[in-house]
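Each chain, letter by letter, is given below.
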Amino acid sequence: MANSPQAKKRARQNEKNRKHNASLRSMARTYMKKVDAKIESGNYEEAQAAFKTCQPIIDRMVNKGIFTKNKVARQKSRMVARIKGMQSA
């Protein structure tokens, strides 16, 4: 356990930041799930709109350090590929 005042403050800050980051991570995952749901429903326009809503949010999470750049790039790439696959089918 933290003994010095500085260590106690740092522990408080870490806990506050952990909760805040968990909230942001959860929000971003929810938007990604919404895109997946629209893709599964088979409606191209709704899937496209959901992706356009999701994209800036998950990009913002990269800047905040919630997700890594490569992870988000991979997820966006897969979402776009699935949406494009809907259009041709």
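1. A closer look at the overall build of the protein chain
Here's step 1: Of regular secondary structure, the protein chain possesses three helices and zero strands.
Here's step 2: Listing each helix as α and each strand as β along the protein chain from the N terminus yields α-α-α.
Here's step 3: Here the protein chain has a C-alpha radius of gyration of 18 Å; the compact-globule value for 89 residues is 12 Å, and the former is much larger.
Here's step 4: Each principal axis of the C-alpha atoms in the protein chain carries an extent, and together these give about 65 × 20 × 20 Å.
Here's step 5: Per-residue burial for the protein chain yields a buried fraction of 22% across its 89 residues.

2. Considerations on helix H2 (residues 44–64)
Here's step 1: Between its terminal C-alpha atoms H2 stretches 30 Å, which fits the 30 Å expected from 21 residues at 1.5 Å a residue.
Here's step 2: By the largest-angle criterion, Cys 54 marks the main kink of H2, which is about 25°, and a proline, Pro 56, follows within four residues.
Here's step 3: What H2 keeps buried is the set Ala 47, Ala 50, Phe 51, Cys 54, Ile 57, Ile 58 and Met 61.
Here's step 4: Looking at the buried residues of H2, the elements they touch are helix H1 (5–41) and helix H3 (69–88).

3. Structural notes on the packing of H1 against H2
Here's step 1: Across the interface, H1 lies against H2 with an axial gap of 9 Å and an inter-helix angle of 155°. If you check the angle between H1 and H2, you find them roughly antiparallel. Of the two possible hands of crossing, H1 and H2 adopt the one that is left-handed. Between H1 and H2, the contacting residues are Leu 24, Met 27, Ala 28, Tyr 31, Met 32, Lys 34, Val 35, Lys 38 and Ile 39 on the first element and Glu 46, Ala 47, Ala 50, Phe 51, Thr 53, Cys 54, Ile 57, Ile 58, Met 61 and Lys 64 on the second.
Here's step 2: Residue composition of the contact of H1 with H2, by class: 14 nonpolar, one polar and four charged.

4. Let's talk about H1
Here's step 1: Its 37 residues place the ends of H1 54 Å apart at the C-alpha level, agreeing with the 54 Å of an ideal helix rising 1.5 Å per residue.
Here's step 2: Those residues of H1 that fall on the buried side of the exposure criterion are Leu 24, Ala 28, Met 32, Val 35 and Ile 39.
Here's step 3: Packing partners of the buried residues in H1 comprise H2 and H3.
Here's step 4: Where H1 terminates, the next one or two residues include Gly 42, which has phi positive at roughly 90°.

Parameters at a glance
- Residues numbered from 1 in each chain as written.
- Predicted model: local features only at pLDDT ≥ 70, side-chain atom pairs only at ≥ 80, totals over all residues.
- Heavy atoms only, no water.
- Helix = DSSP H or I, 4+ residues; strand = E, 2+ residues; numbered from the N terminus.
- Rg over C-alpha atoms; globule rule 2.2 N^0.38 Å.
- Buried < 20%, exposed > 50% of the residue type's maximum accessible area, 1.4 Å probe, protein only.
- Expected span 1.5 Å × (residues − 1).
- Bend = angle between axes of the 7 residues up to and from the residue.
- Contact = heavy atoms within 4.5 Å.
- Axes fitted to C-alpha atoms, helices over the stretch in contact; angles between N-to-C directions.
- Parallel < 35°, antiparallel > 145°, perpendicular 65-115°, else oblique.
- Left-handed = near helix turned anticlockwise from the far one by under 90°.
- Nonpolar A, V, L, I, M, F, W, Y, C, P; charged D, E, K, R; others polar.

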